[in-house]
Amino acid sequence: MIREMVLYYAPQPMPYVSKLKGVLVRMGVRIKNISPDQTGQKVGHLAGMPGFEAESETGEILPIKEEMLVMKNFTSRRVDDLLANLRNAGVPRIALKAVITEQNSQWTFYELYGELRKEHAAMTENHTKQKDEA
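Residues numbered from 1 in each chain as written. Predicted model: local features only at pLDDT ≥ 70, side-chain atom pairs only at ≥ 80, totals over all residues. Heavy atoms only, no water.

Q: Would you mind going over the side chain of Glu 67 with me for this structure?
A: Among the structural elements, Glu 67 can be located in the loop between α2 (43-46) and β3 (68-72). Looking at Glu 67, its side chain comes within polar contact range of the side chain of Tyr 16, at 2.6 Å. Those residues within four positions of Glu 67 in sequence are excluded, and the remaining contacts are Tyr 8, Tyr 9, Ala 10, Pro 11, Met 14, Tyr 16, Ile 94 and Leu 96. (Helix = DSSP H or I, 4+ residues; strand = E, 2+ residues; numbered from the N terminus. Polar contact = N/O pair within 3.5 Å; in protein donor to acceptor, adjacent residues only side chain to side chain. Contact = heavy atoms within 4.5 Å.)

The following block contains the structure:
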């Protein structure tokens, strides 16, 4: 069986992180906390995927100001289950979420953050427009 994993990044300690980790443990999902000094590493390396080596020079620490939840080996049903379980446990919505793909596994964690920020901004803008038109 392919084991699911979550790469979790929080810019500061969150009061509900124990609830989040409890949900992951109950679901049998491994969790890997990502620290600011790892944001220059490729997503594939952080997720332990074959063929990804650690970057010897990660350069400066690239600050990420928001929480991120990056899922590895999740089916769409398991993503839905995870989000429902987090909601039921009282974990506030995490805006920046992704499932690891062949493409984004090649990006650094910081590059993935940039893409998720753009997507989230576009989705928020579309949602606001739809509300205004209603």
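Q: Explanation requested: the environment of Asn 88 in the structure shown.
A: Here Asn 88 lies in helix α3 (residues 76-88). C-alpha of Asn 88 to C-alpha of Tyr 9: the two residues are 79 residues apart in sequence and 21 Å apart in space.

Q: What exactly am I supposed to notice about the sheet that holds strand β4 (residues 96-99) here?
A: Whenever strands of a sheet pair, they do so through backbone hydrogen bonds, lying parallel or antiparallel. Reading across the sheet, the 4 strands line up as β2-β1-β3-β4 and stay open at both edges, with mixed pairing between neighbours. Two strands lie at the open edges of the sheet, namely β2 (30-34) and β4, each paired on one side alone. Between one strand axis and the next, the sheet turns by 20 degrees as a mean value, whatever way the strands run. In this sheet, β3 lies alongside strand β1 (residues 5-9) in antiparallel orientation, the contact comprising 5 bridges. (Pairing = 2+ DSSP bridges. Axes fitted to C-alpha atoms, helices over the stretch in contact; angles between N-to-C directions.)

Q: Help me understand the pattern of salt bridges in this model?
A: Any two side chains of opposite charge can pair if their charged atoms end up close together. Taken as a whole and judged by the stated rule, the model has 3 salt bridges. Residue Glu 4 pairs with Arg 78 through a salt bridge whose shortest N-O separation is 2.7 Å. Of this pair, Glu 4 sits in the segment before β1 while Arg 78 sits in helix α3, placing them 74 residues apart in sequence. Judged by its relative accessible area of 7%, Glu 4 is buried. (Salt bridge = Lys/Arg side-chain N within 4 Å of Asp/Glu carboxyl O. Buried < 20%, exposed > 50% of the residue type's maximum accessible area, 1.4 Å probe, protein only.)

Q: Sorry, what's going on with the packing of helix α1 (residues 17-27) against α3 here?
A: In a packed pair of helices, the relevant descriptors are the angle between the two axes and the axis-to-axis distance. Remark: α1 packs on α3, axes separated minimally by 10 Å, with the N-to-C direction vectors making an angle of 140 degrees. Viewed along their axes, α1 and α3 adopt a mutual orientation that is oblique. In the crossing of α1 with α3, the sense of the turn from one axis to the other is right-handed. Contacts from Leu 20, Val 23, Leu 24 and Met 27 in α1 reach Arg 78, Asp 81, Leu 82, Asn 85 and Leu 86 in α3. (Parallel < 35°, antiparallel > 145°, perpendicular 65-115°, else oblique. Left-handed = near helix turned anticlockwise from the far one by under 90°.)

Q: Just to check I follow, could you spell out α1 for this structure?
A: An α-helical segment advances 3.6 residues per turn. Residues three or four places apart therefore align on the same side. What α1 keeps buried is the set Leu 20, Gly 22, Val 23, Leu 24 and Met 27. Along its buried surface, α1 packs onto β1, β2 and α3. Positioned one or two residues after α1, Gly 28 has a phi angle of 75 degrees, which is positive.

Q: In this structure, what is going on with the pairing of β4? I would like to understand it.
A: Along a regular strand, successive side chains alternate from one face of the sheet to the other. Covered by surrounding structure in β4 are Leu 96 and Ala 98 only, the residues Lys 97 and Val 99 on the alternate face being uncovered. Bridge count for β3 against β4 is 4 bridges, and the pairing is parallel. Within β4, the residue paired with Met 71 across the bridge is Val 99. In the classification by handedness, the crossover that spans β3, the intervening α3 and the parallel β4 is right-handed. (Right-handed = clockwise from strand over helix to strand, strands pointing away.)

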